[in-house]
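# Residue-level structural notes
Chain by chain, the residues run as shown.
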Amino acid sequence: MDFRVFTEPQQGASYDDLLAVAQATERLGFDGFFRSDHFLSMGGDGLPGPTDAWTTLAGLARETSRIRLGTLVTSVTFRHPSILAIQVAGVDQMSGGRVELGLGTGWMEDEHTALGVPFPAKRFGMLEEQLELITGLWSTPVGDRFSYEGEHYRLQNAPGLPKPTQSNVPIIVGGGGPKRTPALAARFATEYNSVFVDLAEHRARMARVRQASEAAEREVPILSIGGTIAVGASTADAQRRAEAIGRDLDRMRPTGIVGTPTEVVDRLGAFAELGVTRVYLQLLDLQDLDQLEFFATEIVPQVG
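The following paragraphs examine the structure supplied in this document.

Reading guide: rules and limits
- The residue numbers shown here count from 1 along each chain, following its written sequence.
- Thresholds applied to this predicted model are a pLDDT of at least 70 for local features of residues and 80 or more for the giving and counting of side-chain atom pairs; totals over whole chains, interfaces and linings are not thresholded and use all residues.
- Remark: hydrogens and water are excluded; side-chain values derive from all non-hydrogen atoms of the structure.
- Grouping buried Ala, Val, Leu, Ile, Met, Phe, Trp, Tyr and Cys residues that are joined through side-chain atoms within 4.5 Å yields what is termed a nonpolar core.
- Whether a residue is buried, partly exposed or exposed follows from its accessible area with a 1.4 Å probe, protein chains only, as a fraction of its type maximum: under 20%, in between, or over 50%, in that order.
- Helix numbers and strand numbers start at the N terminus; a helix is a DSSP run of H or I with at least 4 residues, a strand a run of E with at least 2.
- Here a residue-residue contact requires only that any non-hydrogen atoms of the pair lie within 4.5 Å.
- For two strands to be treated as a pair, DSSP must find at least two bridges joining them.
- For each structure, a 1 Å grid was placed over the protein atoms alone; sets of points admitting a 1.4 Å probe that cannot get out are labelled cavities, open sets with protein on both sides within 12 Å along at least five of seven lines are labelled pockets, and lining residues have an atom within 4 Å of a point.
- Grid points are joined across faces, edges and corners, and a volume is the space filled by probe spheres set on the points.
- Charged means Asp, Glu, Lys or Arg here, nonpolar means Ala, Val, Leu, Ile, Met, Phe, Trp, Tyr, Cys or Pro, and polar covers whatever is left, Gly included.
- The working definition used for a salt bridge is a side-chain nitrogen of Lys or Arg within 4 Å of a carboxyl oxygen of Asp or Glu.

Here we take up the nonpolar core. In this structure, Phe30, Trp54, Trp138 and Phe295 are the most contacted members of the largest nonpolar core, which totals 71 residues. Ranked by residue count, the leading element in this core is helix α5 (residues 124-139), at 8 residues. With sequence-adjacent residues up to four places away left out, tryptophan 138 is seen in contact with Ala85, Val88, Ala89, Leu101, Pro162, Lys163, Pro164, Val169 and Ile171. One finds Ala230, Ala238, Ala242 and Val258 within the second-largest nonpolar core, a separate group that totals 7 residues.

Our focus in this paragraph is the pairing of strand β3 (residues 68-71). The side-chain alternation of β3 yields two buried faces, one formed by Arg68 and Gly70 and the other by Leu69 and Thr71. Looking at chain direction, strand β2 (residues 32-35) and β3 are connected through 4 bridges and run parallel. When the bridges of β3 are listed, phenylalanine 33 appears paired with leucine 69. Alignment of β3 against strand β5 (residues 99-104), held across 2 bridges, turns out to be parallel.

Attention shifts here to empty space enclosed by the protein. Summed over the entire model, instances satisfying the criterion amount to 1 cavity of 30 Å³ or more. As for the largest cavity, its lining consists of Ile229, Arg241, Ala244, Ile245, Gln282, Leu283, Leu284, Asp285, Asp288 and Gln291. Looking at the lining of the largest cavity, the elements with two or more residues in it are α8 (235-244) and β12 (278-283). Of the residues assigned to the lining of the largest cavity, the class counts are 5 nonpolar, 2 polar and 3 charged.

Another aspect to go through is the pattern of salt bridges. A full pass over the atoms with the stated rule returns 16 salt bridges. Notably, a salt bridge pairs aspartate 288 with arginine 241, separated by 2.7 Å at the nearest N-O pair. Of the two residues, aspartate 288 sits in the loop between β12 and α11 (289-298) while arginine 241 sits in helix α8, which places them 47 residues apart along the sequence. For arginine 253, the salt bridge goes to aspartate 250, with nearest N and O atoms at 3.0 Å. The class for arginine 253 is partly exposed, based on a relative accessible area of 25%. By relative accessible area, which is 52% here, aspartate 250 ends up exposed. Look at the salt bridges and you will find they share partners, linking Asp2, Arg4, Asp31, Arg68, Glu100, Glu191 and Arg278 into a network.

Leucine 47 connects to proline 48 through a cis peptide bond whose omega is 10°. Mapped onto the elements of the fold, proline 48 is located in the loop between β2 and α2 (53-63). Here the amide bond leading from leucine 72 into valine 73 is cis, since omega sits at -20°, within 30 degrees of zero. At asparagine 157, a position not held by glycine, the phi torsion is positive, near 55°. Among the structural elements, asparagine 157 can be located in strand β7 (residues 154-158). With a phi close to 55°, glutamate 217 is a non-glycine residue in the positive phi region.

Laid out in structure tokens, this is it:
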């Protein structure tokens, strides 16, 4: 099981804050640093203001050397897929081939209203076409041209450049839809991600992805989960960390990764029984690097 740190910079973080977390992520042996792709705070003032996901990752690509970098997840509403393909390929080159692309439909309508970004009522078709477009552009041989005509996007004779350093940039698809999401994960995803739900819902989602992969005669993607962390040597320490992010430890238990090392190891064992091999640790207090160190030294060695 590998562990990645997941951040929500729209809640209030500068680039330097994110750099400190990313470098701690690398130093402590975690597998990757990921961030949300949002531009509006979900409570609080969000100072000093939002950072763009792919601009941030470009900077981190040059200031880290080992960890994977990516988004959970980029919204299809924010960028045209042909431009996104260029951005992601560029960051992959800058990182030496360490980028992963999480892509989703987007959900925060208020954010779109505030920034004047269109928020169509139906976006799943956009997601499917963006996955087709981006992977199509990247896989087009150098010297050839890529054309596409769908309901939402049309490209004519695009050169499909630049190419990422990786021959296949990992694609992360997540969500809880009962049919279309598992089908997309089976068709396009290197990894299927499920976040912020209880164990029973994780189990149901994983089962649907397995069924869709079997129906498509494709290998089941990597199965991953994510949850907010509040961990400590004692329950009191964990509760203190929960309170620091405005949460109650007991209310976090069903969907979070919280408590003492013994509690967390047991919960991770339950995820492993579902076939989960990757965990995203949502760190909401970006100043609490000690929590990452505690997780790396007291929990990770117990689960391998």
